[in-house]
Amino acid sequence: MAAEKRGEARGAGMGENKENNQPNEGLGLEILQIIKESQQQHGLRHGDYQRYRGYCSRRLRRLRKTLGFKMGNRHKFTGKKVTPEMLSDSRYLLLVLMGAERAWSYSMQLKQEANTEPRKRFHLLSRLRKAAKHGEELERLCESNRVDAKTKLEAQAYHSYLTGMLRFELQEWKAAMEAFNKCKTIYEKLASAFTEELAVLYHQRVEEISPNIRYCAYNIGDQNAMNELIQMRLSAGGGGRMMAEKLEALITQTRAKQAATMSEVEWRGRTIPVKIDKVRIFLLGLADNEAAIAQAASEETKESLYESLLSESRDAIQAVREELKADAKQRDRALDGETGKVSNLQYLHSYLTYIKLWTVVKRNESMARVLQAKLKEPQPDESKRGPRPQDLIRLYDIILQSLAELPQLLGMEDDHSFQKEVALKTLVYKAYRCFFIAQSYVLVKKWSEALVLYQRVLKYAKEVQVQAKSCNSSLKDLPDVQELITEVNAEMYSLQAAAILDTEDSAETPSQSQEVKDNKPLCDRLMPSTLTLPRGEAAQSGDVPPSSSQSCKPLFFDLALNHVAFPPLDDKVEQKGKGGLTGYIKGIFGFGS
């Protein structure tokens, strides 16, 4: 810890020296660049606001000590403010900036903790007000003629950003939107006026506040803002973690307001009332999540959306389970005594479980599609491990395991159409799993096993086609079975050709080895060209080395010991006499010893 503090002190000293070396036209301070570098180096890369707050406190202490700007002594606190007359050094501006950053980081730390402790929200608002007050003071100081124009604009943008964050937490949407728009306008102008390196920082800040602007617009009354938030999440799916989490939080807050009007949901011809808020929010965003997955440009974005959907479904299922446990009647008996039907709450639990299991199936199918495409591509570097059929087998095992749980859902036992749909889907994925098992056998040249498995794939595929016609089921949501049949037929022809070539190669090997067979001993023909003889057919050498006598040390065993009679030694052994009480007393005082 001490080494870390010394390192940051050296880094801060270098930054402060750089800030002092300004041109003659006025003091300058790279406000956004300083705070971004400090945040990335001291905890905010991992969302650790407490660590960043500690860094700001230590830097404030160093700045006050360097500038001689002390707040009283160790016995008494005396408040002092930086005035425009004191601006002989840019570090006075940095002093106010670090105070604002410390208050802001503390408020963000409290915001994380307020999820479990709601009372901390009051402290959070207090710290945000303090940060906005420091930002206002920084903007007022920068209005001095001693400060250059760029620093003035950055101070205005920074103050607008903190004001917007405060109004956003207070849910004053119109004021927050005005502050964020002012901040966005200033940073866009600065980005167009300076170097590309600084422009990247300004554009990043604009992207950070854009979701807040759209959320404020939605709360004011703009109905298109929700769709724009979802599009932002799609574009930021593979981007920064904090940006994605921020968008998720804003979308969840928006859906929470819309969920107040949702009271029921329909599934497989039955209307289910929904009273749990968390379940309402999840079901309200289900269609949006599925549409976002379908529109995802990259597989990485699609994977993150699948994981987000699965996480939300688990939370909704847990909420229903807690409601079921709280209801004693539902816990004791899952069926209503009068109607014999599954209760609404239990049926809702089955519906949410179906959504979760089917999402697992679609996610693994998407991953299998990506691996299958990579499997067909040539591998440029053979030393690195590429995708193998065994990887796809594991994915299809998980799919089949999820499908096996679907018919066991409570309330689905008597739904014959549902059971047929699940059986049809199971056959499709069994065919694909069997296909990749056959390919794994081809890699190890087990031709007969692979051929039998290919025939099993064709059997499954034909059963799927027959059942799809009989039950009028659509195969749109499932992998293409006809394409699989075409691929299996081609693989079977290739398999038969490879098996024939492998048989011919193995038939040539014994004839070549028999040509070099002779009756010479193996020790006389150890040349490399003659070492292809089959094992066990080499002639042994007839020269056996003669035997010779070898001297050895004799071994002696003491066999007479068991038959020797030793003389009695009773007279030599001291007899322990009986002393009684007198002997006991003598023993205590040491007499007779």
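Cut-offs applied
- Residues numbered from 1 in each chain as written.
- Predicted model: local features only at pLDDT ≥ 70, side-chain atom pairs only at ≥ 80, totals over all residues.
- Heavy atoms only, no water.
- UniProt positions renumbered as here; feature names shortened; annotations may be inferred.
- Buried < 20%, exposed > 50% of the residue type's maximum accessible area, 1.4 Å probe, protein only.
- Helix = DSSP H or I, 4+ residues; strand = E, 2+ residues; numbered from the N terminus.
- Pairing = 2+ DSSP bridges.
- Axes fitted to C-alpha atoms, helices over the stretch in contact; angles between N-to-C directions.
- Parallel < 35°, antiparallel > 145°, perpendicular 65-115°, else oblique.
- Left-handed = near helix turned anticlockwise from the far one by under 90°.
- Contact = heavy atoms within 4.5 Å.
- pLDDT = per-residue confidence, 0-100.

As annotated in an unreviewed UniProt entry, the chain carries the name Signal recognition particle subunit SRP68 and comes from Acipenser oxyrinchus oxyrinchus. Its UniProt record, at the heading Function (unreviewed entry), says of the chain: "Component of the signal recognition particle (SRP) complex, a ribonucleoprotein complex that mediates the cotranslational targeting of secretory and membrane proteins to the endoplasmic reticulum (ER). The SRP complex interacts with the signal sequence in nascent secretory and membrane proteins and directs them to the membrane of the ER." The annotation that UniProt attaches to the chain under Sequence similarities (unreviewed entry) is "Belongs to the SRP68 family."

**Regarding the pairing of strand S1 (residues 264-267)**
For a regular strand, the rule is simple: side chains alternate between the two faces of the sheet. Because side chains alternate across S1, one face comprises the buried residues Val 265 and Trp 267, and the other comprises Glu 264 and Glu 266, none of which is buried. Sheet topology note: the S1/strand S2 (residues 270-273) ladder contains 4 bridges and is antiparallel. Of the residues in S2, the one forming a bridge with Trp 267 is Arg 270. The turn linking S1 back onto S2 is made up of 2 residues, and Arg 268 within it adopts a positive phi angle of 55°.

**A closer look at the packing of helix H5 (residues 120-142) against helix H6 (residues 149-169)**
To describe two helices that pack against each other, one gives the angle between their axes and the distance between the axes. Closest axis-to-axis distance for the H5/H6 pair is 9 Å, and the angle between their directions is 160°. By the angle between their directions, the pair H5 and H6 is classed as roughly antiparallel. H5 and H6 meet at a crossing whose hand is left-handed. Contact with H5, carried on its side by Arg 121, Leu 124, Leu 125, Leu 128, Arg 129, Ala 131, Ala 132, Gly 135, Glu 136, Leu 138, Glu 139 and Cys 142, involves Thr 151, Lys 152, Ala 155, Gln 156, Tyr 158, His 159, Leu 162, Met 165, Leu 166 and Glu 169 of H6 and no other residues of that element.

**Quick notes on the side chain of Lys 36**
By the element assignment, Lys 36 lies in helix H2 (residues 31-41). Once you skip the residues sitting within four places of it in the chain, Lys 36 turns out to touch Leu 201 and Glu 208.

**Observations concerning the confidence of the model for the chain**
Of all residues in the chain, 74% attain a pLDDT of 70 or more, and the chain-wide mean is 78. A low-confidence stretch, residues 333-338 stays under pLDDT 50, and its non-local contacts, those more than four residues away or across chains, total 8 contacts. Note on residues 510-516: pLDDT is under 50 here. Beyond four places in sequence and across chains, it has 5 contacts.

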